[in-house]
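Below, each chain spelled out in residue letters.
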Amino acid sequence: PASPPSHSHPSLITINAGRVGFCESLPHLLALFEALPAAVLIQEAHLAPSALAEARALVHRLLPMYCMFSSRTAGSANVGARLQTVTLVHVQLAARASLLDVSHQCAASEVWRAAPDILCHVHFVRIIDPRSDVSLLIANCYQYQASQPEKQAALLALLNSVIDCWSPRTDHVILGGDWNASVRPRLGYCGAPSTVLADERLLRWSVAAGLRCAAPEDPTWSSYNEQRHAVLDCFFWKSRGGGLDAVSAATVFPSPDPRHDHREVRIALQMEGMAAMPPAERLWRPLRLKMAAWARKRASWQTAVERVLAAPEAAAPASDPFARLEQLKTVALTCAKRVLGVSGGKVRQLLPHHSEEARRLMGRLKLLKVVRLELHARRDGIPKLPSRAMRKLWDAGVYPRPAEFGALSTLWSPSHREWTDSWLRMLRHQSQQGEEELHALRRAERAQASEESRQEAIARFYDGGELHRLLHPQPPQCTHSPMLKSSVPSRIAVTGDHPSLQALRIALNGFPDLAFRHSSGSVVVDGIRPANLLACLQAAARPPLQVRLVPARPCLAHTATDRLSAWEYSLASEATAKQSVCSRCLEKDVTPVTAIDGDCRSMATWCSRCSATTTLLVRMSAYDDIPLRREQIPRIPVGSAETLAGAISRDDFDYFLGQLPCRTAPGPDLLPYELLRCAPEPLKAAVLDCINAILTKQAHPPPHRVGG
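Residues numbered from 1 in each chain as written. Predicted model: local features only at pLDDT ≥ 70, side-chain atom pairs only at ≥ 80, totals over all residues. Heavy atoms only, no water.

**A short note on the overall build of the protein**
Part 1 of the argument: Helices and strands together make up the secondary structure of the protein, namely 20 helices and 27 strands.
Part 2 of the argument: Relative to the 2.2 N^0.38 estimate, which gives 27 Å for 708 residues, the radius of gyration of the protein is 34 Å and therefore markedly larger than a compact globule would have.
Part 3 of the argument: In terms of overall dimensions, the protein has a C-alpha envelope of 110 × 80 × 55 Å along the principal axes.
Part 4 of the argument: Expressed as a percentage of the 708 residues in the protein, the buried residues total 43%.
Part 5 of the argument: The contacts in the protein between residues at least 6 apart in sequence include a share of 72% that link residues at least 24 apart.
Part 6 of the argument: For the protein, the accessible surface area stands at approximately 38,700 Å², while carbon and sulfur atoms represent 55% of it. (Helix = DSSP H or I, 4+ residues; strand = E, 2+ residues; numbered from the N terminus. Rg over C-alpha atoms; globule rule 2.2 N^0.38 Å. Buried < 20%, exposed > 50% of the residue type's maximum accessible area, 1.4 Å probe, protein only. Contact = heavy atoms within 4.5 Å. Areas by Shrake-Rupley, 256 points an atom, 1.4 Å probe, with all protein chains shown as cover.)

**A closer look at the pairing of strand β7 (residues 135–142)**
Part 1 of the argument: The element β7 is largely enclosed, with a buried count of 8 among its 8 residues.
Part 2 of the argument: Judged by which residues are buried, β7 turns out to be covered on both faces: Ser135, Leu137, Ala139 and Cys141 on one side and Leu136, Ile138, Asn140 and Tyr142 on the other are all buried.
Part 3 of the argument: For strand β6 (residues 122–128) and β7, the ladder comprises 7 bridges, and the chain directions are antiparallel. Within β7, the residue paired with isoleucine 127 across the bridge is leucine 136. (Pairing = 2+ DSSP bridges.)

**Digging into the sheet that holds strand β18 (residues 491–495)**
Part 1 of the argument: Spatial strand order, β19-β20-β18-β21: 4 strands in an open sheet with antiparallel pairing. The open sheet has two edge strands with one neighbour each: β19 (515–519) and β21 (546–549). Strand after strand, the sheet turns through a mean of 20° between neighbouring axes, direction not considered.
Part 2 of the argument: Note that β19 and strand β20 (residues 522–526) share 5 bridges and pair antiparallel. (Axes fitted to C-alpha atoms, helices over the stretch in contact; angles between N-to-C directions.)

**What about the pattern of salt bridges?**
Part 1 of the argument: Overall, the coordinates contain 22 salt bridges when judged by the stated rule.
Part 2 of the argument: Taking the shortest distance from any N to any O, the salt bridge between aspartate 513 and arginine 529 comes out at 2.7 Å. Residue aspartate 513 is located in the loop between α15 (498–507) and β19, and its partner arginine 529 is located in the loop between β20 and α16 (533–540); the two are separated by 16 residues in the primary sequence.
Part 3 of the argument: Judged by its relative accessible area of 53%, aspartate 513 is exposed.
Part 4 of the argument: The buried category is assigned to arginine 529, whose relative accessible area is 16%.
Part 5 of the argument: Via salt bridges that share partners, Glu24, Asp257, Arg259, Arg442 and Glu445 belong to a single interconnected network. (Salt bridge = Lys/Arg side-chain N within 4 Å of Asp/Glu carboxyl O.)

**Section: helix α20 (residues 681–695)**
Part 1 of the argument: Look at α20: 21 Å from first C-alpha to last across 15 residues, which is about the 21 Å you get at 1.5 Å a residue.
Part 2 of the argument: Within the span of α20, buried status applies to Leu683, Lys684, Ala686, Val687, Leu688, Cys690, Asn692 and Ala693.
Part 3 of the argument: Those residues of α20 that are buried lie in contact with α10 (321–340), α18 (650–658) and α19 (673–677).
Part 4 of the argument: Trailing α20 by a residue or two, lysine 697 shows a phi angle of about 60°, which is positive. (Expected span 1.5 Å × (residues − 1).)

Here you go:
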């Protein structure tokens, strides 16, 4: 079944893959990601450390909007161990996410001696939301079995150690996974001592750690014969501010993979500042005109546009040149879609190819699982009509003989109870047999696909440019887009008396990420964000303090406000006259800074000599000595009213139109350059009128056409 629709809050999901494993389950779990959860915690991944690269490649191919986090084990104690926990984080949060190194906490004698493979069962991911700076510590846990009390206690001790270390620096701590213990009453259990002790151990630990529990009311695990049910999967959490509503109540949904014996558990992150994950536009194929047959269909398109423009209703010119241009562009695009056709506009296929036999087996397993759950749900003995799934199995002959169709309505009546038990045993046997057949088929298909990929890679090495890329490697890529390298000064040095410096430190406590280095009569403030530079300078320039900017290495800007401030600084630095000086002290030690007042942004100039904002002064005499020969350079007289903002001629327009490149992606209007170059005369004239209206300042472009 598909996942529930997305809400305004991001969600967190935990699910146990069982004996199927991570790589085999992932193609069937894609429905979980349709609502764009913040993160998905998967247990029982059964992932060999040597297969991490292959698993990451699979995640990148099927879920390009998610990043994979898992422990990296090393050492003789972990030889042959399998990683049991995998966490998939949305790229919006993964931009500032990291896997915590907890090897120091694991080195404690009571932890390492009891559970040397503990890093295979738990890992910790620390996340900082780039939009709100809300910090999360997420732990993905796969607890040991109840028959291993020493290892269970060791894992809980490790969780305590990590929480104590990181909770003072984290807004919210969330621990989720399969705990192999229940904080809810179990159904169908005989009360074995190990099970009871495991439940009590988990409850005592959560209370002692001050954690709140988000556990569903319905069971998350059912035994193979549907006799035992328990809530083994849940979340524990706490907030640094003591909030009580940061996490919603947990809900449970069936797993999209019918082979799983656990159900998925979902919570919503309701903390302030955390918004829903952005949609993955990159998963959509962009809408494009089919330009492959452009040379052959160009005349047909021109004729179609001219025919529409010749109609009386289209011939009337609009008073606004931009409205007229939009009208003509709509006509041109409509005709192009009809003549050329369009491609894209759909979600790329994410499911890998499965053979017809594999799809048939998966459908049969789903049908068997549905009927088994329905038989278990009808144990109350109330007569009910057979469901569609039951009738489908009956028509296929999957039932014990002899039998009569009327038994489907009164399955658990005294006269039919024995027959229903035998039917359940038959369905469980066929489910097990079907899973084994599917595993064998998938192994054979993967082996065949691997061999085909190997042969294609060998052929591509010589024919597809792989050899060229090996001999001529590409340079490293630029910084990831959620971060921007900023050249805005991030360090200031302040001198003054001790009480004034202490008052300054108190005034700057409200700014994040600042570091103070004190010396005799001075302090250096480092780590200033680009958006906070002017406020820090003004706070440090109050008498008797003196402040100056200190050069520092470029740093990375994370938030949208800081990235915008970095762009504003770069553009202002390029636009400022090189010979400009402060209008008060006539010195050149000036720096452009961003001034933020609520929702309004503007640029100001800071003079380090005056320790205040100032205006720039450009003296004409500073440009008297230009190192160029100006005899052959035409000069425009000062009072001649000549301007660079005049209208362009039709010849100039046609020339620049001919310089536009072909075979490039269009903009939001979907019109490629080829259509503009070969457009009928009315469309070209409308484009020229709009350009000249802007250049002569007779009209302003519409707001949606203004960039920046």
